[in-house]
Amino acid sequence: MGGRCSKRVSSCLWHPDLNASEAEAEADHVGAGAFAFPFEEFTLDELRAATDGFSSDRIVSEHGPKAPNVVYRATLFRSGRTAAVKRFNASAWPDSKQFLDEAKAVARLRSHRLANLIGCCSEGGERLLVAEFMPRQTLAKHLFHWDTQPLNWAMRIRVALYLAQALHYCATQARTLYHDLNAYRVLFDEDANPRLSCFGLMKNSRDGKSYSTNLAFTPPEYLRTGRIVPESVVYSFGTVLLDLLSGKHIPPTHALDMIQGKNFLMLMDSCLEGHFSNADGMELMRLASSCLQYEPRDRPVIKSLLASLTSLQKDAALPSHELMGIQLGVQAPELSVPLSPLGEACAKGDTDVIHEILESAGYMFDEGVVSEPSFQMWTGQIQESLNFKKQADAAFGAKDFTTAVTSYTQVKYTVMISRSQKFVSSLKGRGEIDRPSVWSARDHCHCSACSRM
C-alpha cells in the first residue's frame, strides 16, 4: 500500500569515526547492532497501513487519543518489523524542511542506550517519527503500576546508570538538550534493558513547550524564562532519581524537604526495605538533591553523575531480564488492568469527578496543621506516618486508588504538608488551580495520571 516507495537516507548520517576518548567512553553501550537499520522516509500511506489506519487500538502513548501527539505501535510491512510511530499535531511543524532536518539530526545518534530513530514522514500537513519499538513498556509502568514484583534496588541503579550513559552519549554528539525527561521516556527493550526514547530529543513542535508535565516537576529556570539549558536536563534527571527512590512521582519541593530533614525513610519506597544499605540510599539521595538545586550552575554535570552511579552498581554481571524477573521468549503482557472509578477519572483528567469521589470518600484538605510539634509528637507522627505509608503503598500496588488516597491522607509529615499548602496557595494565586482538595490529593496519591493534572 502507498503510491510511493520509502526513501532510504544515506548511512552517512552516523558519524563513522569517534576519537579514542569518545570510543572508550561509549564502548559499554554503543555497538554495531545499533546501526543495522538505516534512516528511512516513509509515505503516509505506509504508516497509515502499519497502524491499521491510526487505530486507537494501536495507541501505546500514556496520554491517549486526545493528546496533541500520539504514539502508535506499528507493523512496518516492508520489513515486518514492529516500530513506534509518533504522530504530531497538524500545526506542530508547519515547515516540512525544518522538520526533516531536525529528524535527520536526531537520527545521527545510534546507541544501545537509546530507542533509536529509524525514520520519519513529512507529507502534506502530516509529521510523523518512526523509532525502534520497546516491548517491555515504560519505567513509569514498572515503578508506579507494577503487577508481579517491584523493581529491585540493583535494577533501579541500573536504570539510573543507563539513563546517565544515554544522556552523556547524546552530549558527546552535541545533543545536550532533552525535552521533558521523565519516567515515561525511559523504555525497556526485549532484553529488559532500559533505553531513553529518542522522541524527547525533538520538541513537540517547532515553537512549542519543552515540558508537558505539570509545573511542580519543571526546572525553575524554565518557569522563569520558558527555555531550557543543558542544566535543565540534569534537573529532570534528578526527578527521575526521586521516582526510583520513592516508587512514586513526588514533587521535588516535597522530596527536598524530607531530604533536608534527614527523614529519608519517609521518602524511600517501602518495597525496598532491607534490600539496600543506608550508605547507598543516602548517596543516591545526595545525587538527586544535587541535581535539583535551584540555580543551574550549582547542578552537577552528567559525566560526574555517571561516575558516581557506576560506583553504586550491584549485580553488574546479571542480565537485566533476570533482575526484573522476566523470562525471555515470553511475550510481554499488554496493560489491561481495569481501573477503579477514581483511576478512570484520573486517567481522563476529569477533576470534577475526582473531586466528587474524594468528597464521598470523606477526604478533607489538611487545614490548621501545627508547624512546630513537640519532639514527642514529632516522633509519634513519624512512626504513625511510616505505618500508614506502608499500607498506602500496598494499596497503590494493588491499584486500589481509593484506599491508597485515604491512607496517604493520614500521613502527617508536618514539614511536607506545610510546604504543600504554601505551594498550593502560590498556584491558586496564579489562577492555576481552583480545587485545593484535588491538588492536595494529587500530591498524596502520586499516581501517574494524577501527576499530569
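What counts and how
- Residues numbered from 1 in each chain as written.
- Predicted model: local features only at pLDDT ≥ 70, side-chain atom pairs only at ≥ 80, totals over all residues.
- Heavy atoms only, no water.
- UniProt positions renumbered as here; feature names shortened; annotations may be inferred.
- Helix = DSSP H or I, 4+ residues; strand = E, 2+ residues; numbered from the N terminus.
- Expected span 1.5 Å × (residues − 1).
- Buried < 20%, exposed > 50% of the residue type's maximum accessible area, 1.4 Å probe, protein only.
- pLDDT = per-residue confidence, 0-100.
- Contact = heavy atoms within 4.5 Å.
- Lys, Arg positive; Asp, Glu negative; His and termini not counted.
- Salt bridge = Lys/Arg side-chain N within 4 Å of Asp/Glu carboxyl O.
- Core = buried A, V, L, I, M, F, W, Y, C linked by side-chain atoms within 4.5 Å.

- Labelled according to an unreviewed UniProt entry, the chain appears under the name non-specific serine/threonine protein kinase, originating from Rhynchospora pubera.
- You can read under Subcellular location (unreviewed entry) in the UniProt record for the chain the words "Cell membrane".

### Some details on helix α7 (residues 230-246)
Move 1: For α7, with 17 residues, the first-to-last C-alpha span of 25 Å sits near the 24 Å given by 1.5 Å per residue.
Move 2: Counting buried residues along α7, 15 of its 17 residues qualify, which places the element largely inside the surrounding structure.

### Some remarks on the confidence of the model for the chain
Move 1: Scored by pLDDT, the chain has a mean of 76; 67% of the residues are at 70 or more.
Move 2: When the elements of the chain are averaged for pLDDT, helix α1 (residues 20-26) gives the smallest value, 40, and strand β9 (residues 194-197) the largest, 97.
Move 3: Note on residues 432-453: pLDDT under 50 across the span, and 73 contacts to partners over four residues away in sequence or across chains.

### Points about the environment of Ile228
Move 1: Tracing the chain through its elements places Ile228 in the loop between α6 (220-225) and α7.
Move 2: For Ile228, a relative accessible area of 11% translates into the label buried.

### Focus: the side chain of Arg113
Move 1: If you trace the backbone, Arg113 turns up in the loop between α3 (96-107) and β5 (114-115).
Move 2: One buried charge, Arg113, has no salt-bridge partner; the nearest side chain with opposite charge is Asp189, at 6.8 Å.

### Looking at the nonpolar core
Move 1: Counting 93 residues, the largest nonpolar core has Leu117, Leu139 and Phe237 as its most contacted members.
Move 2: Looking at this core element by element, the count peaks at 14 residues for helix α5 (residues 153-172).
Move 3: Once residues within four sequence positions are removed from consideration, Phe237 is found in contact with Ala160, Leu163, Ala164, Leu167, Leu181, Cys291, Leu305 and Leu309.
Move 4: With 16 residues, the next largest nonpolar core counts Leu47, Ile59, Ile118 and Leu128 among its residues.

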